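Analysis of the macromolecular model
Take a look at the letters that make up each chain.
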Amino acid sequence: MFALWYLTFAVDEIRKQDTMVDAAVLAKLEEGFAKLAASDSKSLLKKYLTKEVFDNLKNKVTPTFKSTLLDVIQSGLENHDSGVGIYAPDAESYTVFADLFDPIIEDYHGGFKKTDKHPASNFGDVKSFGNVDPTNEYVISTRVRCGRSMQGYPFNPCLTEAQYKEMEGKVSTTLSGLDGELKGKFYPLTGMEKGVQQQLIDDHFLFKEGDRFLQAANACRYWPSGRGIYHNDAKTFLVWCNEEDHLRIISMQQGGDLGQIYTRLVTAVNEIEKRVPFSHDDRLGFLTFCPTNLGTTIRASVHIKVPKLASNKAKLEEVAAKYNLQVRGTRGEHTEAEGGVYDISNKRRMGLTEYDAVKEMYDGITELIKLEKSL
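Residues numbered from 1 in each chain as written. Predicted model: local features only at pLDDT ≥ 70, side-chain atom pairs only at ≥ 80, totals over all residues. Heavy atoms only, no water.

All told, the structure shown has zero disulfides when counted by the stated rule. With no disulfide of its own, C290 lies 13 Å from the sulfur of C220, the closest cysteine sulfur. (Disulfide = S-S within 2.5 Å.)

Turning next to the confidence of the model for the protein. Chain-level statistics for the protein give a pLDDT mean of 89 and a share of 92% at 70 or above. Every residue in residues 1-18 is under pLDDT 50, and counting partners more than four places away or in other chains gives two contacts. (pLDDT = per-residue confidence, 0-100. Contact = heavy atoms within 4.5 Å.)

With that settled, the discussion passes to the pattern of salt bridges. Going through the model one piece at a time under the given rule, you end up with 18 salt bridges. For E161, the salt bridge identified is with K165, shortest N-O distance 4.0 Å. Of this pair, E161 and K165 are both found in helix 8 (residues 161-176), four residues apart, which corresponds to roughly one turn of the helix. Take E161: its relative accessible area is 31%, and that puts it in the partly exposed class. Its salt-bridge partner being R264, residue E181 comes within 2.8 Å of it at the nearest N-O pair. With E181 in the loop between helix 8 and strand 2 (184-188) and R264 in helix 11 (residues 258-275), the pair connects residues that are 83 residues apart, well separated along the chain. We classify E181 as partly exposed; its relative accessible area is 46%. (Salt bridge = Lys/Arg side-chain N within 4 Å of Asp/Glu carboxyl O. Helix = DSSP H or I, 4+ residues; strand = E, 2+ residues; numbered from the N terminus. Buried < 20%, exposed > 50% of the residue type's maximum accessible area, 1.4 Å probe, protein only.)

Domain parsing of the protein yields domain 1 (1-109) and domain 2 (139-374). Taken over C-alpha atoms, the centre of domain 1 sits 29 Å from the centre of domain 2. In this assembly, 21 residues from domain 1 lie in contact with 26 residues from domain 2. When domain 1 packs against domain 2, the two sides together hide about 2000 Å² of surface, and 62% of this comes from carbon and sulfur. (Domains from an automatic or database assignment. Buried area = accessible area lost by both parts, 1.4 Å probe.)

Shown next as structure tokens:
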């Protein structure tokens, strides 16, 4: 009888430890929540972090890495001008803090409900995409990228410096095994020679330390330790290691040959996955640090010059919306279109396959070029 009582007591104590949140963390959470609630923030965090959800989640921690609600929301608490305001410190956060993540994911990804399941990965027939602009009149450059996380490691806020270095070593070794068109060199940020650094900046390859939103989420610790860049000899294939995601895999080149660019990306992803298992969830697809970048994690984009459509922004936006495309300025979000050049990409990343995500961009760009020609 005593043994049974002791066993029950021990299990209860373990459970308490699993949900024990430090008093200082709780105090910070309460203070941050009160300030956010009183602010005029338009973030998805403020929209969905009700008092009921807050009280339900504030004492929870993830089983393996002991991440708290503060780890999830601290960027949004510090930056009331955030658009989203939350990050996942580890893969388990998407489950433990689902009461907050699920409605934000549904809102951002256009109705992907908590009862929905992301389809199995399918890159489709890579040869079915041709050149969207064979005469080189409109598309300046094309890029397809995806994010990946390495299985068994948390995301940035929970990583130790030793883990950053260990991951960089694995990525460097893995990428050095690539051959053919993907063959290239890995450049660690730590101790990078000035000449190499300047060349990577000139090529628009070198990523900078994270902005204040990532800083507040503890995503930039030990910088530049464990970070690096790989590119192939032709500079049409690029991998970022431990910038925001563990891996950002990028295929790009001048012109509009989407078929060639997409084929290169798919080949690279498949080759890397043979050597490095990726973090994947049956419901949410590929998991990364930011909930805006789940599912396929695919972003296919072009820099396109459409001066006639540029003078009728409403029409441009109308066609883009029809194909679920996002229209941004030449240098990305919150920038202007310089000389009528826009950055246009697929918006949806969840609830559809990789092939379908890229096809939305392909079909939309084809329609925009057709429209520009008719004006």
